[in-house]
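Here are the chains, one letter per residue:
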There are 2 protein chains.
Amino acid sequence: MMEIEDVSAPVCCAPLSGPLLPADEAADLAKVFKALADPVRLRLLNLIASVEGGEACVCDLTGPFDLTAPTISHHLKVLRQAGLIEGERRGTWVYYRAIPEALTRLSGLFALPTPAGL
Amino acid sequence: MMEIEDVSAPVCCAPLSGPLLPADEAADLAKVFKALADPVRLRLLNLIASVEGGEACVCDLTGPFDLTAPTISHHLKVLRQAGLIEGERRGTWVYYRAIPEALTRLSGLFALPTPAGL
DNA sequence: TCACTGGATAGAAGGATGTCAAATTAGAGG
DNA sequence: CCTCTAATTTGACATCCTTCTATCCAGTGA
């Protein structure tokens, strides 16, 4: 269940304003953004990343949405396969946390070379 | 032709690790990521943002891809409506440039509150 | 072992998306 | 005015995505 593909791994450092992105890296990056391209998943990531302690139980992630448990489970899987979150089962419950490196990587992607211009 | 919707405008400042994102802001943000969730559009934005002078002619954006002109035009429109790029016609040609504020906004979205942990 | 609960998986229906060919608009130049 | 080129729009088609219901798996505890 906890399989991870982490398509974001090879996508690393260079900002979009920087050197030309190879086509295969663009494809990998697109998968990460595809994971973010849904309001439910954005709110899920937001919920998980903003939790005090860094961990959120799935049982607390279903309530805020007007969706069935399988749908939430599906969205969590998409976020997981994108390398944005990771899950761990402890007893009856499963806990998810954000992967800081993934967020930092994305932050750097949008960095500008000369912010003096703005 | 140059209509802009700029769905990214209301989405502004708070990082994903920060306070809870309202549902409607999440929906707006998702539109921006939907625009980024395609390898061709990522490469287009990369091409435009990395051009010396900050401007790229559409005529130079068709070559790098194995796609027809209408398809490139469609992708540019999606990026435009997401508020990531803007276009301007000068004579026969249309030039596009990245909108730095949009990129900076996204960069801040992935900022972490306490990078001390990593 | 059996029942109960939290969570994931499988399969299907409906809507959204990427791509193309064909037609359209905008400007340059005879 | 006519033609040529750059770029966009339109309409169609195939594919993918979100969501559901139904089912299955994993632990807990009697």
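Residues numbered from 1 in each chain as written. Chains lettered and ligands numbered in written order. Predicted model: local features only at pLDDT ≥ 70, side-chain atom pairs only at ≥ 80, totals over all residues.

## What to know about the interface of chain A and chain B
Thought 1: On the side of chain B, 33 residues touch chain A, which itself brings 33 residues to the contact.
Thought 2: Breaking the side of chain A that touches chain B down by element, the ones donating at least two residues are helix H1 (23-36), helix H2 (39-50) and helix H5 (100-109) of chain A.
Thought 3: Counted by class, the side of chain A that touches chain B contains 23 nonpolar, seven polar and three charged residues. (Contact = placed C-beta atoms within 7 Å. Helix = DSSP H or I, 4+ residues; strand = E, 2+ residues; numbered from the N terminus. Nonpolar A, V, L, I, M, F, W, Y, C, P; charged D, E, K, R; others polar.)

## Focus on the confidence of the model for chain A
Thought 1: Per-chain confidence: chain A averages 87 in pLDDT, with 85% of residues scoring 70 or above.
Thought 2: Ignoring residues within four places in sequence, the model shows residues 1-11 of chain A, a span with pLDDT below 50, making 26 contacts including any to other chains. (pLDDT = per-residue confidence, 0-100.)

## Observations regarding the relation of the copies chain A and chain B
Thought 1: The transformation that overlays chain A on chain B combines an axial shift of 0.0 Å with a rotation of 180°, and the residual RMSD is 0.0 Å. Seen this way, the second copy is the image of the first under a two-fold rotation axis. Every residue of chain A has its C-alpha some distance from the rotation axis, and the shortest such distance is that of Ser107(A), at 2.1 Å.
Thought 2: Of the interface residues in chain A, 97% have counterparts in chain B that sit at the interface too, so the contact is made through matching surfaces. (Least-squares fit on C-alpha atoms with pLDDT ≥ 70 in both.)

## What to know about the packing of H2(A) against helix H4 (residues 69-81) of chain A
Residue and element names in this part refer to chain A.
Thought 1: Where H2 contacts H4, the two axes come as close as 10 Å, and the packing angle between them is 70°. With respect to each other, H2 and H4 are oriented roughly perpendicular. Taken together, the residues of H4 that come into contact with H2 (itself represented by Val40, Arg41, Leu44 and Leu45) are His75, Leu76, Val78 and Leu79.
Thought 2: Considering only residue class, the contact of H2 with H4 consists of six nonpolar, one polar and one charged. (Axes fitted to C-alpha atoms, helices over the stretch in contact; angles between N-to-C directions. Parallel < 35°, antiparallel > 145°, perpendicular 65-115°, else oblique.)

## What to know about the protein's contact with DNA strand C
Thought 1: If you check the shell around DNA strand C, you find 27 residues, and the closest are Val58(A), Cys59(A), Pro70(A), Ser73(A) and Pro70(B).
Thought 2: For the surface near DNA strand C, the residue count by class is 13 nonpolar, ten polar and four charged. (Near = placed C-beta within 6 Å.)

## Description of H4(A)
All names here are of chain A.
Thought 1: With 13 residues, H4 extends 18 Å between its outermost C-alpha atoms, agreeing within 8% with the 18 Å of an ideal straight helix rising 1.5 Å per residue.
Thought 2: Among all positions of H4, only His75, Leu76, Leu79 and Arg80 are buried. Projected down its long axis, H4 shows its buried positions confined to an angular sector of 145°, all on one face.
Thought 3: Buried residues in H4 make contact with H1, H2, helix H3 (58-61), strand E2 (85-90) and strand E3 (93-98).
Thought 4: Positive phi appears at Gly83, one or two residues downstream of H4, with a value of about 80°. (Expected span 1.5 Å × (residues − 1). Buried ≥ 20, exposed ≤ 12 C-beta atoms within 10 Å, placed from the backbone. Arc of directions from axis to C-beta.)

## Section: the sheet that holds strand E3 (residues 93-98) of chain B
All names here are of chain B.
Thought 1: An order of E1-E3-E2 is seen for the three strands of this open sheet, with the pairing classed as antiparallel. Each having just a single partner strand, strand E1 (56-57) and strand E2 (85-90) make up the two edges of the open sheet.
Thought 2: Here six bridges tie E2 to E3, and the two strands are oriented antiparallel to one another. Considered in E3, the bridge of Ile85 is made with Ala98.
Thought 3: Against the sheet, helix H2 (residues 39-50) touches E1, E2 and E3, its axis set at about 90° to E3. (Pairing = 2+ DSSP bridges.)

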